[in-house]
Amino acid sequence: MASGDTIDRLFPANNEPPASNPATPDKRNGHPVLDFDDTTQEIAIFSCILPRNYAGGGITVYVHSSASSATSGTIGWDVSFERIGAAQQDVDADGFATAQTITAVTVDGTSGNVTIANVAVTNGANMDSIAVGELFRVRLRRDVANDTAAGDAEFHALELKET
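Heads up: these notes are all about the structure in this document. (Residues numbered from 1 in each chain as written. Predicted model: local features only at pLDDT ≥ 70, side-chain atom pairs only at ≥ 80, totals over all residues. Heavy atoms only, no water.)

1. Topic: the sheet that holds strand E6 (residues 74–83)
Within a sheet, each strand pairs with its neighbour through backbone hydrogen bonds, oriented either parallel or antiparallel.
Right, so step 1: Taking strand neighbours across the sheet as the criterion, the four strands line up as E4-E9-E6-E7 in an open arrangement whose pairing is antiparallel. The outermost strands of the open sheet, each flanked by one partner alone, are strand E4 (43–49) and strand E7 (100–106). Across this sheet, the average inter-strand angle for adjacent strands is 20°, counted without regard to direction.
Right, so step 2: Here E6 runs beside strand E9 (residues 135–142); their pairing, made up of seven bridges, is antiparallel. Counterpart to Asp78 in the pairing with E9 is Arg141. (Pairing = 2+ DSSP bridges. Helix = DSSP H or I, 4+ residues; strand = E, 2+ residues; numbered from the N terminus. Axes fitted to C-alpha atoms, helices over the stretch in contact; angles between N-to-C directions.)

2. Focus on the pattern of salt bridges
Right, so step 1: What the rule picks out here adds up to six salt bridges.
Right, so step 2: The shortest N-O distance in the salt bridge between Asp78 and Arg141 comes to 3.0 Å. Of this pair, Asp78 sits in strand E6 while Arg141 is found in strand E9, placing the two residues 63 residues apart along the sequence. This pair shows no difference in class: Asp78 is buried, exactly as Arg141 is.
Right, so step 3: Because the salt bridges share partners, they merge into one network encompassing Glu82, Asp94 and Arg137. (Salt bridge = Lys/Arg side-chain N within 4 Å of Asp/Glu carboxyl O. Buried < 20%, exposed > 50% of the residue type's maximum accessible area, 1.4 Å probe, protein only.)

Okay, structure coming up:
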C-alpha cells in the first residue's frame, strides 16, 4: 500500500455494539446512522483485517458525522485499536490501546450537514502493534467531556487510510 491508500470503510451496519453504552442505530431521511449521546460516552466497534500490502505508515482515521439537531458547538471523538491477530488477544476480554483524541470540529450551521474529523494514529503502540494480515477492532466513542454540541451526534461512516 502507498500513503493515502484506503484500508477500510466502515458504516453503521458494520457496528458490533458492545454490551454497555452502545451507540443507537437510527435513520435520517433513509440514511442509516448511529446516534451518540451528548452526555453518556457511547461506543461503536468495528472489525477489520489489516491488508497484507500495508506498508507500516500508521493509519489516519476519518469520522463522517452530523449533528442531530445542533447548529452550533463542536463534536469530538476518540478512537482506539485492538489487535486480535494470532494468539495476541483473548477475545473473552477487551484489550484496546490508549484512545487517540480526534480534535473536535465545529458543527455545520445547518443541522444534518456532514462534517469530517480526523486523526493520524502512529504505527506501533498507538495502533496496538497490529501486523499485516491480522484481525483487529476499532472502537469509536464520542468525546462528551470535550465537545459542546447539544443533542446526538450522528455517525455516518469511518474511513481508515494508510498515513
